[in-house]
Amino acid sequence: MTKQTERPEALAPPRSPVRKRWWQRRSAKGALYALPVAVFVAVFFIAPLFLVGRMSAADWQLLTGDQGINFPENYQSINDNPLFWPAVGFTLKYTGIVVAVLLALSLLMALLVQEKRRGVGFIRTAYFLPTTLGLASASLLFWGFYSPQIGPIDQILQALGLTDEPISWLGSPNMALFSTVVLIVWRFAGFFMIILLVGLQSIPGEVYEAARQDGANRWQAFVHITLPLLRPSLGLVLILSVTGSLLAFDQFFILTKGGPDNSTVTVVQLVYREAFQRFDLGAAAAVSVLILLALLILNIAQFRALRKAD
Amino acid sequence: MQRTNALGRTSYYVLAGGLAILFLVPLIWTGYASVAPQGATAQQDGFGFGNYQTLMDYNAGLPRYLWNSTLVSGLTVLFTLVLSMLGGYAFARFKFWGKDTLFLVTIAILMVPYSTLLIPLYIMLGDLGLRNSLLGLAMVLTLYQLPFAVFMMRISFEAIPKEIEESAMVDGCGSFRVLTRIMVFGVAPGLITVGLFSFLAAWNDFIAPLILISDAESAPLPLAIATLRQQSMGSIDFGATQAGVVVMALPCLILFVALQRHYVRGFMSGAIKG
């Protein structure tokens, strides 16, 4: 809490000690102001958390409802689901690629636009504009962009004589993954660029000046000054992009529909399929609980690692 | 020296400018594709708004979907602002039982995947009669705004000197009057940032309406446009889809231009926190 500020006696009328410390008592009033948040969080967050645990331990179908506890059947059946391990593998692979590309590109972009020069405002805005679109809108946009019917890429490549026939951007597992990564990088690079830009601008110019006088070149300054001082911002980008990619849904639901041949089904898509295509809410809840636990462990590990490094 | 500088400058603009063009191309293309003539769309000859006409006539009609999206976003902004203003005030200025726990639990919402909560919320909203309801959807969307919103409003209130409230209280104002008549102006920038981010999140959300809304009449725009693709007798209307993307993107672009400063404030607070 903030420290109490002393006021000059001349300005303030003499007050009793109780009045002076008004924000340190009145606990009932504070609780009253916090009550709406508390009720909301209890109803829409705590209660569903308990319910999802209960559902994951029950035979709970979409159409027939709760048929009683069957623990640990739902969890055992996860292992038998032929889509589960491929989905885990694909989600991890996708996360690795997206995070690496996003980190590198958004850092490059932040470095490109950090200094004031002619036209930099325009360039910065161009990088950031895709971020204003929703992920579902961006996915729908690229779904048309990649389509052989109205997509412009094939027309351009063919006009330049680089290809003879349309490229199937979503046709093979690798192309579908590549095309989705392009969409996600386009949509999010500007967002992470801003976070890194804020970090870059908090590094005082004197540090660079001192390094230059010590004879450091640009690359040395980047490796020994910029990167270490940028670590908190890089850590934030890392946590946000890892979490976001592990929970990927919209882009694959809209762009690839999990195809071709279920090669791009992510774990969150699996939850959706179990619940609303196979109508097994119990199984969906069990997978959800596993995702929650995995994410909790990962987040704790990431926080630990970042804190330790500090 | 002069020469290497010119070389450096040129390569900078080739690299940075080239990237900028790559980022702009899809945005420009969608606007173009929504009005350009294409086979198998409503816009066959010359440029025009045939694809937008398709959207107007599609199922419940574009006005209905626009209204659904506006209502959901408006309610989400309203709920988020009220909850985070009262909560932020409580966290910044008062001591009460369970304060630290409540704050931690609110921030912990961020740690729980959306999909994990949507399955039980689907059941709960059904029991409450709020499934297929835009009010229920807005409440779920509000939940995911709370961590950022409460954090943002807490630091906004903490930044205001206590003397301002003190003198008003000496004059006999109650704390609620102080909050609504005085403090609200001090935290206005925070409120705008919170409102902006919750509007954009609600306007663009896809998975929550996908799960909670099954009635085509109640679908917000992203859900309606995504379903539009699979309809119209099995043939896919690419033109109308891009017109839909433009309709969804325009309010976001306008808000970005109008409120650029408040965007960056949101990122700043995130960066400081990290």
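Chemist: Is there a simple way to think about the overall build of chain A in this case?
Modeler: Broken down by element type, chain A carries 14 helices and 2 strands. Taking 310 residues into account, the globule formula puts the C-alpha radius of gyration at 19 Å, and chain A, at 26 Å, lies well above it. Structurally, chain A occupies a C-alpha span of about 80 × 65 × 35 Å along its principal axes. For chain A, with 310 residues in total, the buried portion stands at 36%.

Chemist: Looking at this structure, I do not really get the environment of R231(A). What am I missing?
Modeler: Note that R231(A) resides in helix α11 (residues 231–246). Considered as a pair, R231(A) and S139(A) are 92 residues apart in the sequence and their alpha carbons are 31 Å apart.

Chemist: Help me out: how do you make sense of the pairing of strand β2 (residues 65–69) of chain A in this one?
Modeler: Looking along a regular strand, one sees side chains alternate from face to face of the sheet. Residues and elements named next belong to chain A. Little of β2 sits out of view: just 0 of its 5 residues are buried. As defined by bridge partners, strand β1 (residues 58–61) adjoins β2 across 3 bridges and the pair is classed as antiparallel. Bridging from a neighbouring strand, W60 pairs with D66 of β2. In sequence, β1 turns back onto β2 through a hairpin of 3 residues.

Chemist: In this structure, what is going on with unusual backbone geometry? I would like to understand it.
Modeler: Note: most peptide bonds trans; most residues except glycine with negative phi. Residues and elements named next belong to chain A. The residue after F71, namely P72, is reached through a cis peptide bond having omega 0°. For P72, the position within the fold is in the loop between β2 and α3 (73–80). Here the residue pair G259 and P260 is connected by a cis peptide bond, since its omega of -5° sits within 30 degrees of zero. Inspection of the secondary structure assignment puts P260 in the loop between α12 (250–256) and α13 (267–276).

Chemist: What's the story with helix α5 (residues 114–127) of chain B in this structure? I'm lost.
Modeler: One full turn of an α-helix is made of 3.6 residues, so residues set three or four places apart face in the same direction. Taking 1.5 Å per residue, 14 residues should reach 20 Å; α5(B) reaches 20 Å between its end C-alpha atoms and fits that length. Along α5(B), the largest kink reaches about 30° and is centred on P120(B). The element α5(B) is largely enclosed, with a buried count of 10 among its 14 residues. Listed as buried for α5(B) are S115(B), T116(B), L117(B), L118(B), I119(B), P120(B), L121(B), Y122(B), I123(B) and L125(B). Tucked inside the fold, the buried residues of α5(B) contact α2 (27–56), α13 and α14 (281–309) of chain A together with α6 (134–158) and α10 (207–212) of chain B. Directly after α5(B), the chain includes G129(B), whose backbone phi takes a positive value near 75°.

Chemist: Help me understand the interface of chain A and chain B in this model?
Modeler: Many descriptions give the size of an interface as the accessible area lost when the pieces come together. Chain A puts 72 residues into the contact, and the matching count from chain B is 72 residues. Here the side of chain A that touches chain B gets 18 residues from one element, more than from any other, and that element is α2(A). Residue composition of the side of chain A that touches chain B, by class: 52 nonpolar, 16 polar and 4 charged.

Chemist: When you look at the nonpolar core in this model, what are you seeing that I'm missing?
Modeler: General note: in soluble globular proteins, nonpolar side chains tend to be found buried as a group. Counting residues in hydrophobic clusters, the biggest one holds 151 residues, and the most contacted among them are Y127(A) and I119(B). When residues of this core are assigned to domains, at least three map to each of domain 1 (18–75) and domain 2 (84–264) of chain A. Excluding residues within four positions of it along the chain, Y127(A) makes contact with M109(A), V113(A), A189(A), G190(A), M193(A), A20(B) and F23(B).

Chemist: Looking at this structure, how should I read the packing of α2(A) against α6(B)?
Modeler: The description of two packed helices rests on the angle between their axes and on the distance between the axes. Where α2(A) contacts α6(B), the two axes come as close as 10 Å, and the packing angle between them is 130°. Judged on the interaxial angle alone, α6(B) and α2(A) are oblique. The handedness of the crossing between α2(A) and α6(B) is left-handed. Every residue of α6(B) that contacts α2(A) at V37(A), F44(A) and F45(A) is listed here: M139(B), V140(B), L143(B) and V150(B). For the contact of α2(A) with α6(B), the class distribution of residues is 7 nonpolar, no polar and no charged.

Rules used throughout
Residues numbered from 1 in each chain as written. Chains lettered and ligands numbered in written order. Predicted model: local features only at pLDDT ≥ 70, side-chain atom pairs only at ≥ 80, totals over all residues. Helix = DSSP H or I, 4+ residues; strand = E, 2+ residues; numbered from the N terminus. Rg over C-alpha atoms; globule rule 2.2 N^0.38 Å. Buried ≥ 20, exposed ≤ 12 C-beta atoms within 10 Å, placed from the backbone. Pairing = 2+ DSSP bridges. Expected span 1.5 Å × (residues − 1). Bend = angle between axes of the 7 residues up to and from the residue. Contact = placed C-beta atoms within 7 Å. Nonpolar A, V, L, I, M, F, W, Y, C, P; charged D, E, K, R; others polar. Core = buried A, V, L, I, M, F, W, Y, C linked by C-beta atoms within 7 Å. Domains from an automatic or database assignment. Axes fitted to C-alpha atoms, helices over the stretch in contact; angles between N-to-C directions. Parallel < 35°, antiparallel > 145°, perpendicular 65-115°, else oblique. Left-handed = near helix turned anticlockwise from the far one by under 90°.

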